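Below are the chains, spelled out letter by letter.
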Amino acid sequence: MQAAVTDTISKLADTANHTAQQLAAIPQQELRFGDLILKGGWVMLPIGVLAILGLVIFFERYFTIRKASKDENNLMQQIRSSILTGNLESAIAICRNSNSPLGRMLQKGLLRIGRPIKDIEGAIENIGKLEVAKLEKNIGILGIVAGIAPMFGFLGTIAGVIKIFYDISKTDNISMGVISGGLYVKMVTSAAGLFVGIVAYVCYHILNMMVDKVILKLETDAIEFIDLLEEPSK
């Protein structure tokens, strides 16, 4: 009797070892990024479009604003030298050739020389507003992306919940296998929407800070230019 029990236990142990070896031999399926995106369903399409749109706007505006914020000390020195020597045509040509927001502002001011200072200040201010509006072009779209992307993620969450209840009602079976598909949709779309929204939000404020820096520099140079025009009358 004892021998039979021992033999049975030995067979069970061999079976368990054999099963463990078979399970170990089965390759584990890795979760790839592309497969994960596909699990999110159709909601991932508008989220992807928003992500691409946000990146395109950010880099286009970033390089444009960066170009406008380049150091213009040399320009101001050349204009100061031309004005002090009375060579206004040279100063206007320097501004025109600079092809920069500051150059266009000062060119408008130079063309108004001979009129009251208030008129010159008004002309420079108007051009400054136009230049700032050009720099801020499409930045607001980034703010819209930052707000809409998480909403699409939430929409995907709702779609995932609907899928879970639909699958349960169809199979009358509450198990992880049944609800896993809906959970994929929920988690993937929520994560993607939040990620795109956060990145767009950060990019939006980076561009706004860059524009504010350019505005401060333009205002400082405009004040210096007006002071330069008033120097001969002091």
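Scroll up for the structure.
Residues numbered from 1 in each chain as written. Predicted model: local features only at pLDDT ≥ 70, side-chain atom pairs only at ≥ 80, totals over all residues. Heavy atoms only, no water.

A. Examining the nonpolar core more closely. If you look at the biggest cluster of nonpolar residues, it comprises 45 residues, and the most contacted ones within it are Ile65, Ile79, Ile83 and Phe225. Secondary structure elements with two or more residues in this core: α3 (44-68), α4 (73-84), α5 (88-98), α6 (101-111), α7 (117-135), α8 (139-171) and α9 (176-230). Counting residues per element, this core draws most heavily on α9, at 15 residues. Once you skip the residues sitting within four places of it in the chain, isoleucine 79 turns out to touch Ala91, Ile94, Cys95, Leu106 and Phe225. (Core = buried A, V, L, I, M, F, W, Y, C linked by side-chain atoms within 4.5 Å. Buried < 20%, exposed > 50% of the residue type's maximum accessible area, 1.4 Å probe, protein only. Helix = DSSP H or I, 4+ residues; strand = E, 2+ residues; numbered from the N terminus. Contact = heavy atoms within 4.5 Å.)

B. Geometry of the environment of leucine 155. Along the chain, leucine 155 turns up in helix α8. Residues leucine 155 and lysine 186, 31 residues apart in the sequence, show an inter-C-alpha distance of 8.8 Å.

C. Seen up close, the layout of surface pockets. Quantified by volume, the second largest pocket comes out at close to 290 Å³. What lines the second largest pocket is a set of 14 residues, among which Met105, Ile124, Glu125, Glu219 and Ala222 lie closest to the centre. Counting residues per element, the ones that place at least two in the lining of the second largest pocket are α7 and α9. The element that contributes the greatest number of residues to the lining of the second largest pocket is α9, accounting for seven residues. Taken together, the residues of the lining of the second largest pocket sort by class into eight nonpolar, one polar and five charged. (1 Å grid on protein atoms, 1.4 Å probe; cavity = no way out; pocket = protein on both sides within 12 Å on 5 of 7 lines; lining within 4 Å. Points joined across faces, edges and corners; volume = space filled by probe spheres on them. Nonpolar A, V, L, I, M, F, W, Y, C, P; charged D, E, K, R; others polar.)

D. Structural context of unusual backbone geometry. With phi around 50°, asparagine 99 is a residue other than glycine that occupies positive phi space. Of note, asparagine 138 is a non-glycine position whose phi angle comes to about 70°, a positive value. As for its placement among the helices and strands, asparagine 138 is situated in the loop between α7 and α8. Here asparagine 138 falls in the partly exposed class, since its relative accessible area comes to 34%.

All we've got here are geometric facts, nothing functional implied.
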